[in-house]
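Observations on chain architecture
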Amino acid sequence: MAASRGKAEALDAIVIGAGVAGLAAARTLAEAGRRVALIEARDRVGGRIHTVPAAHGDLSVELGAEFIHGLPPELIHLVEEAGLTRFELEGDYRCWREERRVGRLEPCGDQREVNRLFDELGQSGLAQDSQDLSFSEFVAQRGVGPEAAAWATNYVEGFNAADANRISVRSLAKQQAAEDAISGDRLSRVVEGYARVPAFLLRTFLDAGGELFTSTPVRSINWKPGWVEVTTAADRVLQASSVILTLPLGVLQARSVVFLPQPVEILEAADRLAMGPVGRVVYEFDRSFWPQSAGLEGLSFLFAPEATPPTWWTTSPRSSPMLTGWIAGRKASKLEMASLPETGLATLASVLGSSLGEVRKHLLRWHLHDWQMDPYSLGAYTYVPRGAVHASDDLSVPVEATLFFAGEHTDTSGHWGTVHGALRSGYRAAEQLLAARVH
Ligand SMILES: Cc1cc2nc3c(=O)[nH]c(=O)nc-3n(C[C@H](O)[C@H](O)[C@H](O)COP(=O)(O)OP(=O)(O)OC[C@H]3O[C@@H](n4cnc5c(N)ncnc54)[C@H](O)[C@@H]3O)c2cc1C
């Protein structure tokens with residue numbers, strides 16, 4: 001599809017990738033009066049925001065991003081501008097403990113040692129500390145007990161899609177401080193579906209005269225200061241004065257798009273970061289049968305560290321017959337993704353103290369999207385390995401006032417791997433372009 005204004009004309013800018021970062025950048029430029037083309041490989045916009053309808057209930061199924069983490073001003077403002085509704089997640093947390101092959105669900109118990117560890121992470125000194133450590137080294141150095149160490153490691157790997165032996169403590173400290181500043185522990189969802197946010201950005205971009213090309217993968221970028229030529233897989237050629245690239249980190253690392261000449265420092269910075277894996281399966285049932293079977297009224301999150309997947313959640317306080325299973329980081333990298341839905345059902349049956357047959361009886365369908373195998377993401381989201389805390393700063397520096405990079409991996413404020421980090425980066429790249437002068 002090409003939603004266009006018609007005849008080809010000289011462009012001021014090309015934006016590659018219509019995820020949140022690309023859409024935010026493209027809208028900003030179009031509204032500033034620039035002639036902009038937005039080029040997207042998939043047949044839809046939104047990138048790693050991908051909402052599909054649910055069988056019933058008023059909430060949709062999210063296959064990519066689901067939560068707004070905290071109250072990030074840019075994203076909250078956008079949701080309100082789009083006239084969308086948010087609701088905050090609330091409810092009980094339960095933990096599944098297994099001892100001698102017997103499991104039981106119970107309140108998650110004393111987390112004081114884990115909380116102390118994360119409080120230490122948030123201390124500003126750590127973010128500045130010149131010597132970086134991996135999270136595993138940090139935990140070992142702090143001498144916490146084995147149970148707290150396992151909980152903290154599961155949390156860090158699950159949240160950041162990371163390997164605890166690699167993820168940087170300096171990045172975690174920066175992230176913790178960034179989250180604290182926006183009440184990051186509050187989670188909310190967009191009732192109408194997350195995809196309505198990129199859909200709104202698209203509408204405003206088109207209203208401002210922008211041009212969109214979907215199903216148009218970019219193959220190569222020839223450039224020199226002040227001039228860019230983008231060639232698509234179907235040999236379409238577009239030229240402009242500059243380009244904003246929001247290719248996901250995995251795509252940059254795979255060199256799926258060829259640059260002539262190569263922006264060496266940018267590609268080296270991309271290689272220092274890591275794209276983490278995630279497996280998420282959403283089950284839709286004919287009704288919410290779990291409160292009755294396991295006394296789980298008001299259940300929000302359920303943690304089963306030994307199981308696959310280890311993290312589960314409901315849509316509490318809104319009721320919907322939907323459960324999501326989540327596995328990320330090191331555990332996800334060892335998993336055959338196609339096996340996740342069946343394995344998850346068996347886990348669910350054990351945890352709910354039910355039989356597999358009973359769980360299946362209520363099951364309508366499941367949803368799984370393998371973001372690792374998707375050629376236009378090649379992974380779920382970015383984390384920062386030890387020693388690479390400045391890589392995203394390097395990625396955010398324009399090349400010869402002509403190549404500008406955006407996307408969650410280029411966020412410089414500690415919000416890697418999030419929708420609001422991506423949004424922020426898109427606005428930043430657009431402002432950089434608007435302020436740029438080619439020498
Ligand atoms: C399973 C999962 C769960 C998540 N959960 C959350 C969450 O709850 N909360 C949260 O804040 N964040 C979450 N995230 C992260 C969030 O989705 C991303 O950080 C954010 O959407 C990234 O936006 P972006 O614009 O940087 O990249 P993308 O959305 O990936 O956009 C990049 C675009 O570039 C396109 N593209 C790729 N290659 C080419 C090419 N050759 N030519 C043209 N176009 C190309 C892609 O198709 C894509 O549309 C989650 C991610 C995943 C995968």
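Presented here is a report on the structure given in the accompanying data block.

Per the secondary structure count, the protein includes 16 helices and 23 strands. Counting only C-alpha atoms and orienting by the principal axes, one finds that the protein spans roughly 70 × 50 × 35 Å. Counting only residues that meet the buried cut, the protein has 47% of its 439 residues in that class.

So, on to the packing of helix α3 (residues 112-122) against helix α7 (residues 169-180). Here α3 crosses α7 at 90°, and the two axes come no closer than 7 Å. Compared by their axis directions, α3 and α7 come out roughly perpendicular. Contacts from Phe118, Leu121 and Gly122 in α3 reach Val169, Leu172, Ala173, Gln176, Ala177 and Asp180 in α7. When the residues that make up the contact of α3 with α7 are grouped by side-chain class, the tally is six nonpolar, two polar and one charged.

This part is about the nonpolar core. Core analysis: the largest hydrophobic core is formed by 93 residues, its most contacted members being Ile14, Ala25, Val243 and Ile244. Ranked by residue count, the leading element in this core is helix α1 (residues 20-31), at eight residues. Discounting residues that sit within four places of it in the chain, Ile14 has contacts with Ala37, Ile39, Val228, Val230, Leu238, Ala240 and Val243. Grouped together as the second largest cluster of nonpolar side chains are 24 residues, Val61, Ala307, Leu340 and Leu352 included.

Right, let's get into unusual backbone geometry. Omega for the peptide link from Leu260 to Pro261 comes to -5°, which places this bond in the cis form. Along the chain, Ser316 connects to Pro317 via a cis peptide bond; the corresponding omega equals 15°. Among the structural elements, Pro317 can be located in the loop between β19 (311-313) and β20 (322-328). Of note, Arg255 is a non-glycine position whose phi angle comes to about 55°, a positive value. Looking at the element boundaries, Arg255 is found in the loop between α9 (249-254) and β15 (258-260). Since 12 C-beta atoms lie within 10 Å of it, Arg255 is described here as exposed. For Ala401, which is not glycine, the phi torsion reads 50° and is therefore positive.

Gly17, Gly19, Ala21, Gly47 and Ala422 are the nearest of the 40 residues found near the ligand. When contributions to the shell around the ligand are tallied by element, the ones reaching two or more residues are α1, β17 (278-285) and α16 (419-435). Of the residues in the shell around the ligand, the class split is 22 nonpolar, 12 polar and six charged. Of the residues that make up the shell around the ligand, three or more belong to each of domain 1 (2-48 + 193-275 + 384-435) and domain 2 (51-90 + 187-192 + 276-368).

Analysis parameters
Residues numbered from 1 in each chain as written. Predicted model: local features only at pLDDT ≥ 70, side-chain atom pairs only at ≥ 80, totals over all residues. Helix = DSSP H or I, 4+ residues; strand = E, 2+ residues; numbered from the N terminus. Buried ≥ 20, exposed ≤ 12 C-beta atoms within 10 Å, placed from the backbone. Axes fitted to C-alpha atoms, helices over the stretch in contact; angles between N-to-C directions. Parallel < 35°, antiparallel > 145°, perpendicular 65-115°, else oblique. Contact = placed C-beta atoms within 7 Å. Nonpolar A, V, L, I, M, F, W, Y, C, P; charged D, E, K, R; others polar. Core = buried A, V, L, I, M, F, W, Y, C linked by C-beta atoms within 7 Å. Near = placed C-beta within 6 Å. Domains from an automatic or database assignment.

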